[in-house]
Structures are given as C-alpha cells and as structure tokens.
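What follows is the residue order along each chain.
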Amino acid sequence: QRTSYAELTEIRRYFVCEGPLDAGAGAEGEQGVVAFLACTPVNSEGWYLQDPVRLTQAPRGALEGCFVAALDAFRDDGYKFASNGPLPFWRPEGATPNEHELGPVGKRVVDFFDRQYRFKGIDQFRSKLDPDRIEPLYLLVSRRFITPNTARAVVKVLTKRLSN
C-alpha cells in the first residue's frame, strides 16, 4: 500500500518550487506550489526521491529544481546516495539491446500500463538525470503460455489502486 504525502512527515523531507498558479497571469497572479518532491530515507546512508509532482502550468525546470535542491541538500548533509527508484522498461542511452523482445500480448500490456503510469514521460524526465550507477532489475519469465484469465488477474492486481 502506497503512503500519502502527509504520512511519515516526521522522517520525510519535502522540496517544493513556487510559481504562478495561472500560467497566463505571470508574476502578478496568485503564487503557489507548482512542483513538489517528497523524499524518504532508505537507511542511514541515503534517500529515496519519490513522488515527483509538477503542475502542467509549472515553469520549465520547476521539477528539476526540486531534484537539484534535494540532491544538494543530501550531499551537503553527508549522505552517500539518493535513489530515484526503479523505472519499468527504462533503457539508459547506450545500453545493450534487450535480447528478449516482448510478444504482441506483452507489448499490449506495456502500452496499457504506459497509459496508466506514463512510463515514457518518466523515462524522458529521468534521461535528464545522469546516474552515477545503474542497478539492473531482472524478471523471470516462464516459457509457458499465459492464459487470458491469468493476464486479467495480473492487470486487476496491478490496477487495483486505480479503481479504489
């Protein structure tokens, strides 16, 4: 179960960017939070940069500014690392091609979740950040056929939060 932004406030750190809430109003308009980053400690050595949020009317670089502020603060406080967490299907530039291509059903499932979670947009954003290291994640795939009922059950479990 995912926690809300307001939970664990005693251990989390928050980084925000303020700007005009109405893009057309300019500096004279109402000001407020236009980008937001919640960070949770992983252990005594580092932080998880989670839940980045940017309003559509936020100025360019607002969310990137939140990340830079967080990374600078954690570095200055002596932490060894900050993680942006796993990103499904992300391939860093220059990575070796995946030798195991998805079939038509797998591609449809990826497209479905991309529409739900915007992996491509997250991938595009993450490409702006140059990681010091990449930890590969592996998925064990059975050579057996996945039935439509199994596929529906997996989709139902993974999208349960969307329907609540």
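Worth saying up front: this structure is predicted, and the values here are computed from it rather than measured.

Right, let's talk about the overall build of the protein for a bit. Within the protein, the secondary structure is distributed over 5 helices and 4 strands. Of the regular secondary structure in the protein, the N- to C-terminal order runs β-β-β-α-β-α-α-α-α. A separation threshold of at least 6 residues defines the contact pool for the protein, and within that pool the share at least 24 residues apart is 56%. When the accessible surface of the protein is totalled, it reaches about 12,800 Å², and 55% of it is carbon and sulfur.

This part takes up helix H3 (residues 119-126). Along H3, the residues that are buried comprise Phe119, Phe125 and Arg126. Projection of H3 onto a plane perpendicular to its axis shows the buried side chains occupying an angular sector of 125 degrees, all on one side. Opposite the packed face of H3, turned more than 90 degrees from it, sit the exposed residues Lys120 and Gln124. Buried residues in H3 make contact with helix H1 (62-76) and helix H2 (104-117).

Here strand S1 (residues 13-20) pairs with strand S2 (residues 31-43) via 8 bridges, running antiparallel. The partner of Cys17 across the bridge, within S2, is Ala35. One ladder, built from 7 bridges, connects S2 with strand S3 (residues 46-54); its direction is antiparallel. Across the sheet, the residue bridging to Phe36 is Val53, located in S3.

This part covers H2. The end-to-end C-alpha separation of H2 is 20 Å, in line with the 20 Å expected for 14 residues at 1.5 Å each. The complete set of buried residues in H2 reads Val110, Phe113 and Asp114. Viewed along the axis of H2, the buried residues span an arc of 110 degrees, placing them on a single side of the element. In this structure, H2 carries Pro104, Val105, Arg108 and Arg115 as exposed residues pointing more than 90 degrees from its buried face.

Looking at the secondary structure, you find Arg13 in strand S1. Here Arg13 falls in the partly exposed class, since its relative accessible area comes to 27%. Once you skip the residues sitting within four places of it in the chain, Arg13 turns out to touch Leu37, Ala38, Cys39, Trp47, Ala73, Phe74 and Asp77. Within polar-contact distance, the side chain of Arg13 engages the side chain of Asp77 at 2.7 Å.

Connecting S2 to the next strand, S3, in antiparallel fashion are 2 residues. Direction of pairing for S3 relative to strand S4 (residues 81-83): parallel, over a ladder of 3 bridges. Note that in S4 the partner of Gly46 across the bridge is Phe81. For the crossover from S3 across H1 to S4, the handedness is right-handed.

This part covers the sheet that holds S2. Taken in spatial order, the 4 strands of this open sheet run S1-S2-S3-S4, and their pairing is mixed. At either margin of the open sheet sits one strand with a lone partner, and together these are S1 and S4. The mean angle between the axes of side-by-side strands here comes to 25 degrees, regardless of whether they run parallel or antiparallel. Lying over the sheet, H1 contacts S1, S2, S3 and S4, oriented at roughly 40 degrees with respect to S2.

Criteria and cut-off values
Residues numbered from 1 in each chain as written. Predicted model: local features only at pLDDT ≥ 70, side-chain atom pairs only at ≥ 80, totals over all residues. Heavy atoms only, no water. Helix = DSSP H or I, 4+ residues; strand = E, 2+ residues; numbered from the N terminus. Contact = heavy atoms within 4.5 Å. Areas by Shrake-Rupley, 256 points an atom, 1.4 Å probe, with all protein chains shown as cover. Buried < 20%, exposed > 50% of the residue type's maximum accessible area, 1.4 Å probe, protein only. Arc of directions from axis to C-beta. Pairing = 2+ DSSP bridges. Expected span 1.5 Å × (residues − 1). Polar contact = N/O pair within 3.5 Å; in protein donor to acceptor, adjacent residues only side chain to side chain. Right-handed = clockwise from strand over helix to strand, strands pointing away. Axes fitted to C-alpha atoms, helices over the stretch in contact; angles between N-to-C directions.

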